[in-house]
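These are the residues of each chain, in order.
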Amino acid sequence: MEVQERRIASTFRRIVFVCFHGHANLATWFDSPLRMWMRNGCVVDIIVPKNVNYCNIPFSAHDGEVFLTGHPAQGVPRRVLSFVFQTISTIRRQKYSLIVAFDQIAVIAAGVAWHLFRIPYLYQCLELRLAQETRGLVRTALKRMEDFYIRRAILSIVHGDLRAKLLSVDSKVPFSAVVSVPNSPLGPANPEKCSYLRQKLNIPVESTIVLCAGSLARETKILEIAAYTPSWPQGFVLVLNGWGRPEYIKAVRDFAQMSDGRILVASDLLPLDLIDTLFASADIGIALYGRESLNTRFVGESAGKVFYYLKHGIPVIASDLPELRSVIERNRVGICVRNAGEIGGALTEISMHYAEYRENAFAAFEKYEFSRWYKYVIVKAERRIKSRYGMQDSKR
């Protein structure tokens, strides 16, 4: 692997990650690729909006820079145009061999940069924005531009085989140009437990911590989970840790205040170096998603917190959705439920066979561990750039 890494580093000397999405510094989908490119000897710059706090990104070991773009406070078209313009202006002053775009607006910016400077780019698709669900003039225009530039990307990276097929068909991209990679953290698995949540929230040692981490929103059914928590068997405590809209977080906290300590909310954003500590202090994980959109209905391997649970041997209670079921029940790492009302019974079942679920979780994580999949993305990107542009352009 050492020879392969030197060869890749000589091709991709300096690259840039472009992301319009918030909380990228706290997300698996951003952190894992960042670490992989850095591990392969690349210098990685980052372009993100000014309103995102990137001070916790593990970037100090390399010479990469973080460029913060400002944008108007109101109006989607103005924000998009401002971000694209400032991204192009930043890229123009640098010498990049590759752009990695992480969302719809970022791939539009990367596509414009390709037109101007002929810098190849990858697209990492975070959310499925399918034509049949796109409404309004602005969103329709953005969708059409996204599709146009997806078709010109070196590769598109999607989390899950079915999501890859949906993107290929909807955006009219050759399936050979779409790669499926789990939205998982880098390994190795971590069997060590810690007391971070117990100490932070004063949770008794005899209580079982049920963690729901990440986005605290309607799409992740947080209020429904909280509403059924009082019906759980005694001894289980629900911990909600993540981010969300202020009004939604307030509603969740209102539930927590009436729960007699059975629901605890920690909505502060954790730096990346504490993410593993958070998961290592939980006993059971929850990952529920709605069916309102195809993006959540086929969440599957894009559910980053599921793989963090597996990394730490935590059995998972997840929504009974096709792609999630293939991860959870096929590997026997937890139980899929139809709604939040079934969580209580699942907790009892998991507790009865906890050691088995925990062992299976570690085994499953080895299969989904990020580097096992993403190393092929780097090699395939290199080959496609050489084929399309030749060695001279790929060594900028």
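Refer to the structure presented above.
Quick summary incoming for the structure in this document. (Residues numbered from 1 in each chain as written. Predicted model: local features only at pLDDT ≥ 70, side-chain atom pairs only at ≥ 80, totals over all residues. Heavy atoms only, no water.)

As for the sheet that holds strand β12 (residues 316-319)
Backbone-to-backbone hydrogen bonds join strands into a sheet, with any given pair of strands oriented parallel or antiparallel. Taken together, the six strands give an open sheet; going across it, the order is β10-β9-β8-β11-β12-β13, and neighbouring strands pair in parallel fashion. Strand pairing shows two members of the sheet lacking a second neighbour, β10 (263-266) and β13 (334-337), which therefore form its edges. Between one strand and the next, the sheet's axes are offset by a mean angle of 20 degrees, whatever the strand orientation. Examined bridge by bridge, strand β8 (residues 208-215) and strand β11 (residues 284-287) share two bridges and lie parallel to one another. The partner of Leu211 across the bridge, within β11, is Gly285. (Pairing = 2+ DSSP bridges. Helix = DSSP H or I, 4+ residues; strand = E, 2+ residues; numbered from the N terminus. Axes fitted to C-alpha atoms, helices over the stretch in contact; angles between N-to-C directions.)

Concerning the side chain of Asn331
By the element assignment, Asn331 lies in the loop between α13 (322-328) and β13. Looking at Asn331, its side chain comes within polar contact range of the side chain of Lys367, at 2.7 Å. One polar contact links Asn331 to Tyr368, side chain to side chain, over a distance of 3.3 Å. Among all residues touching Asn331, those that are not within four sequence positions of it are Ser326, Asn360, Ala364, Lys367 and Tyr368. (Polar contact = N/O pair within 3.5 Å; in protein donor to acceptor, adjacent residues only side chain to side chain. Contact = heavy atoms within 4.5 Å.)

Things to note about the packing of aromatic side chains
Counting across every chain of the model gives 12 aromatic pairs. Between Trp37 and Tyr374, the aromatic rings sit 6.4 Å apart at their centres with planes inclined by 85 degrees, giving edge-to-face as the arrangement. Of this pair, Trp37 sits in helix α2 (residues 28-39) while Tyr374 sits in helix α16 (residues 370-389); the two residues are 337 residues apart in sequence, bridging distant segments of the chain. Each member of the pair Trp37 and Tyr374 is classed as buried. Both rings, one in Phe370 and one in Tyr374, keep their centres 4.8 Å apart while their planes meet at 20 degrees; by these two values the pair is stacked. Taken together, the residues Phe370 and Tyr374, both in helix α16 and four residues apart, mark about one turn of the helix. Its relative accessible area of 2% is what places Phe370 among the buried residues. Connected via pairs of aromatic rings, a cluster forms that spans Phe17, Trp29, Phe30 and Phe102. The cationic tip of Arg118 hangs over the ring face of Trp114; the distance from NZ or CZ to the ring centre is 4.2 Å. If you follow Arg152 out to its NZ or CZ, it ends over the ring of Phe148, 3.6 Å from the centre. (Phe/Tyr/Trp six-rings, centres within 6.5 Å; stacked < 30°, edge-to-face > 60°. Buried < 20%, exposed > 50% of the residue type's maximum accessible area, 1.4 Å probe, protein only. Lys NZ or Arg CZ within 6 Å of the ring centre and 35° of its normal.)

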